[in-house]
Amino acid sequence: MKKSLEVDEKIFQDAVKFYGTVLNVPPLASKIYSYLIFDFDKVGITFDEFVEVFSASKSSVSTSLNLLINSELIIDVNKMDERKRYFFANDDYKKIRFEKIVQKMQDELILLDDLKNFRKTEHKEDDERIEVYKALLNKNITNIQESLNKL
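Residues numbered from 1 in each chain as written. Predicted model: local features only at pLDDT ≥ 70, side-chain atom pairs only at ≥ 80, totals over all residues. Heavy atoms only, no water.

- The protein carries the name Transcriptional regulator in an unreviewed UniProt entry, which gives Chryseobacterium piscium as its organism.

Pasting the structure below:
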């Protein structure tokens, strides 16, 4: 793999595996995202560089880049006086990711309440476990939101 960035191969492989799982993206998209996180100086990586670095087809790279852009994991920028687009890891993604996690937890709280209200019979043990679970969700929502406010 020819690289324009200095990349630690072990950290890169660990990142590819981690982000592929956590972000639920295909292998090439995970490689592209992982490669971009090594762009510490924010110079940006061009489409052609990805094709060359990963020896991948243009259509595969294009599909992966579009997926990452649509997922708000990366951003693209056109520099003045250049036709090329430069790609960067989205610095705001961590905040976006945790906002989505909070939203999912809030949605689950509503669903749990809806199910309890719909149920015709009483299940005291289940209700107690669900209340403990809801308290945990609410505590995590509060903790994440407080941290997000500091970003």
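From this point, the narrative continues.
1. What to know about the overall build of the protein
Then comes step 1: Along its length, the protein carries 6 helices and 3 strands.
Then comes step 2: Going residue by residue from the N terminus, the α and β elements of the protein occur as α-α-β-α-α-β-β-α-α.
Then comes step 3: When each of the 151 residues of the protein is scored for burial, the buried share is 33%.
Then comes step 4: Pairs at least 24 apart in sequence give 56% of the contacts found in the protein among residues at least 6 apart.
Then comes step 5: Here the protein contributes 24 positive and 27 negative side-chain charges, whose respective centroids are spaced 2 Å apart. (Helix = DSSP H or I, 4+ residues; strand = E, 2+ residues; numbered from the N terminus. Buried < 20%, exposed > 50% of the residue type's maximum accessible area, 1.4 Å probe, protein only. Contact = heavy atoms within 4.5 Å. Lys, Arg positive; Asp, Glu negative; His and termini not counted. Charge placed at Lys NZ, Arg CZ, Asp CG, Glu CD.)

2. Description of the pairing of strand 3 (residues 85–89)
Then comes step 1: In terms of burial, strand 3 is a largely internal element, 4 of the 5 residues being buried.
Then comes step 2: Across 2 bridges, the pairing between strand 1 (residues 45–46) and strand 3 is antiparallel. Within strand 3, the residue paired with Ile45 across the bridge is Phe87.
Then comes step 3: Across 5 bridges, strand 2 (residues 74–78) lies against strand 3 in antiparallel orientation. In the strand pairing of strand 3, Val77 is matched with Tyr86. (Pairing = 2+ DSSP bridges.)

3. Side note on the side chain of Ser30
Then comes step 1: With respect to the helices, strands and loops of the structure, Ser30 is situated in helix 2 (residues 27–36).
Then comes step 2: Here the side chain of Ser30 touches Gly20 through a polar contact of 3.1 Å, landing on its backbone nitrogen.
Then comes step 3: Residues within four places of Ser30 in sequence aside, it is in contact with Ala15, Val16, Tyr19, Gly20 and Val25. (Polar contact = N/O pair within 3.5 Å; in protein donor to acceptor, adjacent residues only side chain to side chain.)

4. As for the packing of helix 5 (residues 93–118) against helix 6 (residues 124–150)
Then comes step 1: Axis separation between helix 5 and helix 6 bottoms out at 10 Å; the angle between their running directions is 155°. The pairing of helix 5 with helix 6 is recorded here as roughly antiparallel in orientation. When you trace helix 5 past helix 6, the crossing you get is left-handed. Of helix 6, the residues touching helix 5 (which contributes Lys95, Phe98, Glu99, Ile101, Val102, Met105, Gln106, Glu108, Leu109, Leu112, Asp113 and Lys116) are Asp127, Ile130, Glu131, Tyr133, Lys134, Leu137, Asn138, Asn140, Ile141, Ile144, Gln145 and Leu148. (Axes fitted to C-alpha atoms, helices over the stretch in contact; angles between N-to-C directions. Parallel < 35°, antiparallel > 145°, perpendicular 65-115°, else oblique. Left-handed = near helix turned anticlockwise from the far one by under 90°.)

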